[in-house]
Amino acid sequence: MATRGFFGRRPSEPEAARLPPGQYKTEDFPVLSAGATPYVDLAKWRFTLKHGPRQLASWSWEEFDRLPKTAFKRDIHCVTKWSKFDTTWEGVSIDELLAAAGVAAPTGFLLAHSVDGYTTNVPLADLTGGKGMVATAYEGLPISPSHGGPARLLVPHLYFWKSAKWVNALQFTERDEPGFWELRGYHIYGDPWREQRFTGD
Ligand SMILES: Nc1nc2c(c(=O)[nH]1)N[C@H]1C(S)=C(S)[C@@H](COP(=O)(O)O)O[C@H]1N2
Ligand SMILES: [Mo]
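The shown structure was predicted, so the numbers you read here are calculated from the model rather than taken from an experiment. (Residues numbered from 1 in each chain as written. Chains lettered and ligands numbered in written order. Predicted model: local features only at pLDDT ≥ 70, side-chain atom pairs only at ≥ 80, totals over all residues. Heavy atoms only, no water.)

### Overview of the overall build of the protein
Scanning the protein from terminus to terminus reveals four helices and eleven strands. Here the C-alpha atoms of the protein give a radius of gyration of 17 Å, agreeing with the 17 Å that 2.2 N^0.38 yields for 201 residues. Expressed as lengths along the three principal axes of its C-alpha atoms, the size of the protein is roughly 70 × 40 × 30 Å. Looking at the protein residue by residue over its 201 residues, the buried ones come to 48%. Counting only contacts in the protein whose residues sit at least 6 apart along the sequence, the fraction spanning at least 24 positions is 67%. A distance of 3 Å separates the average location of the 23 positive side-chain charges in the protein from that of its 23 negative side-chain charges. (Helix = DSSP H or I, 4+ residues; strand = E, 2+ residues; numbered from the N terminus. Rg over C-alpha atoms; globule rule 2.2 N^0.38 Å. Buried < 20%, exposed > 50% of the residue type's maximum accessible area, 1.4 Å probe, protein only. Contact = heavy atoms within 4.5 Å. Lys, Arg positive; Asp, Glu negative; His and termini not counted. Charge placed at Lys NZ, Arg CZ, Asp CG, Glu CD.)

### With respect to the site of ligand 1
Around ligand 1 sit 20 residues in total, of which P30, A34, H147, R152 and K165 are the nearest. Between a nitrogen atom of ligand 1 and a side-chain N or O atom of S114, the distance comes to 3.4 Å. Compared with its free state, where it exposes 530 Å², ligand 1 has 98% of that area covered by protein. Residue classes in the shell around ligand 1 are distributed as 13 nonpolar, four polar and three charged. (Near = heavy atom within 4 Å. Polar contact = N/O pair within 3.5 Å; in protein donor to acceptor, adjacent residues only side chain to side chain. Areas by Shrake-Rupley, 256 points an atom, 1.4 Å probe, with all protein chains shown as cover. Nonpolar A, V, L, I, M, F, W, Y, C, P; charged D, E, K, R; others polar.)

### Observations concerning the packing of aromatic side chains
Under the definition given, this model contains 18 aromatic pairs. Judged by centre distance (5.4 Å) and plane angle (75°), the ring pair of W45 and F64 falls under edge-to-face. With a gap of 19 residues between them, W45 in the loop between β1 (24-25) and β2 (46-51) and F64 in helix α3 (residues 61-65) connect regions that are remote in the sequence. Of the two residues examined, W45 and F64, each falls in the buried class. Centre to centre, the rings of Y118 and F180 are 5.6 Å apart; their planes meet at 35°, and the pair counts as tilted. One end of the pair, Y118, is in the loop between β6 (109-114) and β7 (119-123); the other, F180, is in the segment after β11 (167-173), and 62 residues separate them in sequence. (Phe/Tyr/Trp six-rings, centres within 6.5 Å; stacked < 30°, edge-to-face > 60°.)

### Observations concerning the nonpolar core
Of all hydrophobic cores here, the largest spans 32 residues; its most connected members are F47, W59, F64, L97, L153 and L170. Listed by contribution, the elements that provide at least two residues to this core are β2, β3 (54-60), α3, α4 (94-101), β6 and β11. If you tally residues by element for this core, the top one is α4, at four residues. What F64 contacts, discounting residues up to four positions off in sequence, is W45, F47, W59, K69, V92, L97, V134 and T136. Judged by nonpolar contacts, the second largest core, of twelve residues, contains F72, W82, W89 and I143. (Core = buried A, V, L, I, M, F, W, Y, C linked by side-chain atoms within 4.5 Å.)

### A closer look at unusual backbone geometry
Across the junction of G149 and P150, the peptide omega takes the value 15°, indicating a cis bond. Following the sequence through the fold, P150 ends up in the loop between β9 (141-142) and β10 (152-154). Unusually for a residue other than glycine, K81 sits at a positive phi of about 95°. Phi is positive for D86, which is not a glycine, with a value near 55°. Along the polypeptide, D86 turns up in strand β5 (residues 82-93).

### Digging into the environment of V115
Note on placement: V115 falls in the loop between β6 and β7. The partly exposed category is assigned to V115, whose relative accessible area is 37%. In sequence terms V115 and W45 are 70 residues apart; their C-alpha atoms lie 9.4 Å from each other. Those residues in contact with V115, other than ones at most four positions away along the chain, are P38, V40, W166 and N168.

### Here's the deal with α4
Among the residues of α4, I94, L97, L98 and A101 are the ones counted as buried. Buried residues of α4, seen end-on, are gathered within an arc of 95° and therefore sit on one face of the element. (Arc of directions from axis to C-beta.)

### Let's talk about the side chain of T119
Position of T119 among the secondary structure elements: in strand β7. With near-sequence residues (within four places) excluded, T119 lies in contact with L111, A112, H113, G179, F180, W181 and E182.

### Focus on the pairing of strand β4 (residues 70-77)
Two elements, β4 and β5, share seven bridges in a ladder whose sense is antiparallel. Each residue of the ladder has a partner; that of I76, found in β5, is K84. In textbook terms, the turn of a hairpin is the stretch between consecutive antiparallel strands, and for β4 and β5 this stretch comprises four residues, one of which, K81, has a positive phi near 95°. (Pairing = 2+ DSSP bridges.)

What follows is the structure, given as structure tokens:
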């Protein structure tokens, strides 16, 4: 009798229950970027919180790195159908960031901006309450440049394109403004459990 063997094994039930529809589990960590990897000089890096064009707060790398850190262990889901379980991250939660800025959120929507010009929109409610962070470490080490170091947004409950790599600003917007991929046919919200891959899903 043939056995399925290790590589042919079906995902165990608890693992299958963790896979959103249409996803498969991967052990490696693919790199997906629209352009080339930017190499960021920490001496020049700043993180800015804005409301429209108006700056609410800004931190140098040294200042940012001194903010209280939070750890996440989460599954991540890419719209290209891979999911990776139990990834561990450390960074500044958006709750902590808003507290450090000492501002009440002026709107319910944020647009993340990255040094490569990438943008992505996330409702405030999907970033607060312990749901999102600006991550600076992955698996206990500084995030590598290809995966978005020195800092990336991490919103693990939405498709991974929402987790903007090389993030350097969060901007409050009056409306839920589509970002880079949302303007090019990706879903405005991107819930993997509802398979919101493309506009109209
Ligand atoms: N700044 C920036 N962030 C980005 C992207 C990008 O091109 N630029 N690609 C997005 C997409 S489509 C995905 S799937 C994930 C991939 O992250 P990874 O390369 O760490 O796997 O980053 C997202 N964040
Ligand atoms: Mo992606």
